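Remarks on the overall topology
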Amino acid sequence: MSITKSDITAILETITAPGEGKSLIENNNVTNVNIFGDEVVVDVQISNPTLQAKKKTETEIEKAIVAQFSSVKVKVNLSVATKKEEPKANPNQIKGEKIPGIQNIIAVASGKGGVGKSTVTANMAVSLQKMGFKVGVLDADVYGPSMHIMFDVAKAKPISVKVDGRSKMKPIENYGIKLLSLGFFTNPNEAVIWRGPMASKALNQMIFDADWGELDFLLIDLPPGTGDIHLSIVQALPITGAVVVSTPQNIALADAKKGVAMFQQKNINVPVLGIVENMSYFTPAELPENKYYIFGQDGAKHLAEDLETAFLGEVPLVQSIREAGDFGHPVALQDGTPQELAFKEITKHMAGELVKRNTDLPPTEAVKITNMSGCSTK
Ligand SMILES: Nc1ncnc2c1ncn2[C@@H]1O[C@H](COP(=O)(O)OP(=O)(O)OP(=O)(O)O)[C@@H](O)[C@H]1O
């Protein structure tokens, strides 16, 4: 039997927060709930520091969950708040400094490296551009920026322009998409180690001191993993939503879970728009009907169900996707191909999720994507 977060929340609603006279949910004691297969992890913060209160809360949570779902393992991460915590923020909140002219910032992340996060970012950007949106891409992959290669502008150097009397960095443009990448500022033959503060400073400049102009979407290609650099980016920016990319392989899915959990943490609280499964199956060009599930089948789909987030779609493992990336001409530029269609469907689905997420936002922050016909909002 599959358990959902709503099941767990309903159970936690029946448990009283120590000394508060309200339920753990009503009193905002529960900071996160995650379900990993048969393991339920509940993060809870209480204000009563006594050992007795801590033990009682832990035991009550475990007992109540196991009473309804006898086969699950329950882990309670309990902490004591030094002062009364603020109520849980609205998951649709806009954080960080608003960037004038930029309507939506989408972070593309993956737990594991090499799963195709940059490929998905580049092709999603192309699909959005083809749908008529103004799109920018920021390559924030401090470990190995590749977007400048994928957009065939590896040798370009951004110039400085004056905007309202201030010097700003002008993004490089190709295929109608504006791009800034850490790759523009490093020598391809040198290994550059972008340490946390240095990388944050460079990224801050590329975001706030750049002449992005009017954009409907700024896609940020994050580095793989869930480290400090991610925290500083996602906390400093008003990120509208995040997309997590994974292959169907267990080892990648485990890391993707961490990626989703990172965005859902209370101090980050960025809505996850959904999960994209890349390299879902291999199809040889000469046998297009044949599908070989090299990395397993439907893993990311099941993960999305478990984490109660949208499954945005799948991308097959196809030689032409790799070639197009290496060649600097993203595959979504090739009209009418199955690959173009796959990325278009994923992008439409992502935009649909974005519309849903933005429903509660104030008008100035809301997405201007009303002109997109056929966009999936189911
Ligand atoms: N669906 C696919 N079919 C074939 N090749 C793919 C596919 N997706 C990605 N690749 C190739 O796999 C390699 C890794 O992809 P990519 O650089 O997009 O991954 P990444 O997750 O961004 O990696 P990193 O961790 O280095 O940031 C690239 O050579 C890319 O062309």
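Residues numbered from 1 in each chain as written. Predicted model: local features only at pLDDT ≥ 70, side-chain atom pairs only at ≥ 80, totals over all residues.

Interhelical geometry of helix H1 (residues 5-12) versus helix H2 (residues 51-68) gives an angle of 125° and a closest axis separation of 10 Å. What the angle tells us is that H1 and H2 run oblique. Note on packing geometry: the crossing formed by H1 with H2 is right-handed. For the pair formed by H1 and H2, the contact residues are Ile8, Ile11 and Leu12 on the first element and Ile61, Ala64, Ile65 and Gln68 on the second. Residues of the contact of H1 with H2, tallied by class, amount to six nonpolar, one polar and no charged. (Axes fitted to C-alpha atoms, helices over the stretch in contact; angles between N-to-C directions. Helix = DSSP H or I, 4+ residues; strand = E, 2+ residues; numbered from the N terminus. Parallel < 35°, antiparallel > 145°, perpendicular 65-115°, else oblique. Left-handed = near helix turned anticlockwise from the far one by under 90°. Contact = placed C-beta atoms within 7 Å. Nonpolar A, V, L, I, M, F, W, Y, C, P; charged D, E, K, R; others polar.)

Looking now at the sheet that holds strand S11 (residues 241-246). Read from one edge to the other, the open sheet built from eight strands follows the order S8-S9-S5-S10-S4-S11-S12-S13, with strand pairing classed as mixed. Lying at the two open borders of the sheet, with one neighbouring strand each, are strand S8 (172-174) and strand S13 (311-317). Each neighbouring strand pair of the sheet contributes to a mean axis angle of 25°, computed without reference to strand direction. Bridging between strand S4 (residues 102-109) and S11 involves four bridges; their strand directions are parallel. Bridge pairing in S11 places Ala107 opposite Ala242. Across the sheet, helix H10 (residues 338-358) lies against S4, S11, strand S12 (272-282) and S13, angled at about 165° from S13, the strand it touches most. (Pairing = 2+ DSSP bridges.)

With that out of the way, let us pick up the UniProt feature "domain: MIP18 family-like" (unreviewed entry) in the protein. Taking the UniProt record as the reference, the feature "domain: MIP18 family-like" (unreviewed entry) is found at residues 5-75. Taken end to end, residues 5-75 is 37% helix and 25% strand, and its two terminal C-alpha atoms sit 14 Å from one another. (UniProt positions renumbered as here; feature names shortened; annotations may be inferred.)

This part covers the sheet that holds strand S3 (residues 73-80). Within the open sheet, the three strands sit side by side as S1-S2-S3. Their pairing is mixed. Both edges of this open sheet fall to strand S1 (30-36) and S3, since each of them pairs with a single strand only. Put simply, the sheet's adjacent strands are angled 10° from each other on average, direction ignored. In terms of strand pairing, S1 meets strand S2 (residues 39-46) through six bridges, oriented antiparallel. Across the sheet, residue Phe36 finds its bridge partner in S2, namely Glu39. Of the strands in this sheet, S1 and S2 touch H1, which is tilted by about 135° from S1.

This part takes up the pairing of S4. Of all eight residues making up S4, eight are buried, and the element is well covered by its neighbours. When S4 meets strand S10 (residues 215-221), the two strands line up parallel, connected through six bridges. Note on S10: the bridge partner recorded for Val108 is Asp221. (Buried ≥ 20, exposed ≤ 12 C-beta atoms within 10 Å, placed from the backbone.)

In this section: the environment of Thr283. Within the secondary structure layout, Thr283 lies in the loop between S12 and helix H8 (299-306). Residues Thr283 and Gly325 lie 42 residues apart in sequence; the distance between their C-alpha atoms is 18 Å. Apart from the residues lying within four places of it in its own chain, the contact partners of Thr283 are Pro288, Asn290, Lys291, Pro316 and Val318.

Across the protein, pLDDT averages 85, with 89% of residues at or above 70. Counting interchain partners and residues more than four positions distant, the pLDDT-below-50 stretch residues 84-93 has 15 contacts. The model gives residues 361-378 a pLDDT under 50, and that stretch makes 29 contacts with residues more than four places away or in other chains. Listed scores for the predicted complex are pTM 0.73 and ipTM 0.98. (pLDDT = per-residue confidence, 0-100.)

Residues Ala107, Val108, Ala242 and Val243 are the most contacted members of the largest nonpolar core, which totals 78 residues. Beyond its immediate stretch of four places on either side in the chain, Val243 contacts Ile106, Val108, Leu273, Gly274, Val276, Leu312 and Met350. Of all hydrophobic cores here, the second largest spans 15 residues; its members include Leu24, Ile35, Val42 and Ile65. (Core = buried A, V, L, I, M, F, W, Y, C linked by C-beta atoms within 7 Å.)

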